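Architecture and fold: a report
The lines below spell out each chain.
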Amino acid sequence: MKIAISACLLGNKCRYDGTDNYDPKLLGKLDRHELVAFCPEDFCYGTPRPTMDLIDKNGEIKAISNLTGADLSKPIIEYAKSFFETHKNIDLFIGKDRSPSCGVYSAKLYDKNKNLISTNSTGLMAQEAKKRDIKAIDAEEFLEKGIDI
Ligand code: SF4
């Protein structure tokens, strides 16, 4: 099976603060599969970098910089499109929970006044996977419940 997976889960130090989310248990479940790593935020904005949050702007979900208030969405969406066009036939997308880019059903969403309105929103890269009808799951759910792969 060909699995697209958040690079930080594999040990890449690409989180905003230069750390990773390495999880040997997760990797143990994936060792017979082809893994294709991605990190939209590192590609677009480098590491380390300021954090971003998902904000609902008149019904559109945008990734907004917590440092500058700039809309950082477009490069992330372009990266995601290019990734899925380059890597065809992805069978499964495993995203890092709660990430505004990679979270599948676990990202926080705020309104324009920064009030929390959801804790099960979808990050911008995960949205692109879903649009392509790629099966997508958060890493924690994958570990807890497992799915047949
Ligand atoms: S959660 Fe996604 S964007 Fe954030 S560090 Fe991991 S791979 Fe990169």
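Note: the structure precedes this text.
First, a word on what this report is: a plain description of the structure on this page. None of these values were measured; they are calculated from a predicted model. (Residues numbered from 1 in each chain as written. Predicted model: local features only at pLDDT ≥ 70, side-chain atom pairs only at ≥ 80, totals over all residues.)

1. A closer look at the overall build of the protein chain
Where we set the bar: Counting from the N terminus, the helices are DSSP H or I runs at least four residues long and the strands are E runs at least two residues long. Here the radius of gyration uses the C-alpha set of atoms, whereas the globule reference equals 2.2 Å times the residue count to the power 0.38. Once C-beta atoms have been placed from the backbone, residue pairs whose C-beta atoms lie within 7 Å are recorded as contacts.
Helix and strand content of the protein chain: 5 helices and 8 strands. Secondary structure elements of the protein chain, listed N to C terminal, follow the sequence β-α-β-α-β-β-α-β-β-β-α-β-α. In terms of overall dimensions, the protein chain is globule-like: its C-alpha atoms have a radius of gyration of 15 Å, near the 15 Å expected for 149 residues. Expressed along its principal axes, the backbone C-alpha trace of the protein chain runs to roughly 45 × 30 × 30 Å. For the protein chain, restricting intrachain contacts to residue pairs at least 6 apart in sequence, the fraction spanning at least 24 positions comes to 62%.

2. Description of helix 4 (residues 124–131)
We apply this condition: Neighbour density around each residue's C-beta defines its exposure: 20 or more other C-beta atoms within 10 Å make it buried, 12 or fewer make it exposed, and counts between make it partly exposed, where C-beta atoms are placed from the backbone.
Among all positions in helix 4, only Leu124, Met125, Ala126, Glu128 and Ala129 are buried. The elements touched by buried residues of helix 4 are strand 2 (34–38), helix 2 (40–45), strand 4 (60–65), helix 3 (73–86), strand 5 (92–95) and strand 8 (135–138). Looking one or two residues beyond helix 4, the residue adopting positive phi is Asp133, at roughly 60 degrees.

3. Some remarks on the site of the ligand
Worth spelling out the cut-off: Put plainly, near means the residue's C-beta atom, positioned from the backbone, lies within 6 Å of the molecule or strand in question. In this count, Pro and Cys sit with the nonpolar residues alongside Ala, Val, Leu, Ile, Met, Phe, Trp and Tyr, while Asp, Glu, Lys and Arg are called charged and the others, Gly among them, polar.
Around the ligand sit 13 residues in total, of which Cys8, Cys39, Lys96, Ser99 and Cys102 are the nearest. Considering every element that reaches the shell around the ligand, the biggest residue donor is helix 2, with 3 residues. Considered class by class, the residues forming the shell around the ligand number 6 nonpolar, 3 polar and 4 charged.

4. Side note on the sheet that holds strand 7 (residues 116–121)
What counts here: Only when DSSP finds a minimum of two bridges between them are two strands counted as paired. Where helices are involved, their axes are fitted lines through C-alpha atoms of the stretch in contact, as for all axes, and angles between N-to-C directions lie from 0 to 180°.
The strand order 4-3-6-7 describes an open sheet built from 4 strands, whose pairing is mixed. Lying at the two open borders of the sheet, with one neighbouring strand each, are strand 4 and strand 7. Within this sheet the neighbouring strands show an average axis-to-axis angle of 35 degrees, counted without direction. Relative to strand 7, strand 6 (residues 107–110) runs antiparallel, the two being bridged by 3 bridges. Counted as the bridge partner of Ala107 is Ser121 from strand 7.

5. Looking at the nonpolar core
Which entries qualify depends on this criterion: The nonpolar core is taken to be a set of buried Ala, Val, Leu, Ile, Met, Phe, Trp, Tyr and Cys residues joined by way of C-beta atoms within 7 Å.
Core analysis: the largest hydrophobic core is formed by 30 residues, its most contacted members being Ala63, Ile76, Phe93, Met125 and Ala126. Those elements giving two or more residues to this core turn out to be strand 1 (2–6), strand 3 (52–57), strand 4, helix 3, strand 5, helix 4 and helix 5 (139–145). Those residues in contact with Met125 that sit more than four places away from it in its chain are Phe38, Pro40, Ile76, Ala80, Ser101 and Cys102.

6. Topic: the environment of Lys81
Note that Lys81 resides in helix 3. Through-space distance from the C-alpha of Lys81 to that of Arg132 is 9.8 Å; in sequence the pair is 51 residues apart.

7. Re the pairing of strand 1
Stated formally: For the handedness criterion, the strands are oriented away from the viewer, and a crossover whose path from the first strand over the helix to the second runs clockwise is classed as right-handed.
The sheet contact formed by strand 1 and strand 2 spans 5 bridges and is parallel. Residue Ser6 lies in a different strand from strand 2, and its bridge partner there is Phe38. Crossover handedness for the path strand 1 to helix 1 (residues 24–30) to strand 2: right-handed. Across 3 bridges, strand 1 lies against strand 5 in parallel orientation. If you follow Ile5 over to strand 5, its bridge partner there is Ile94.

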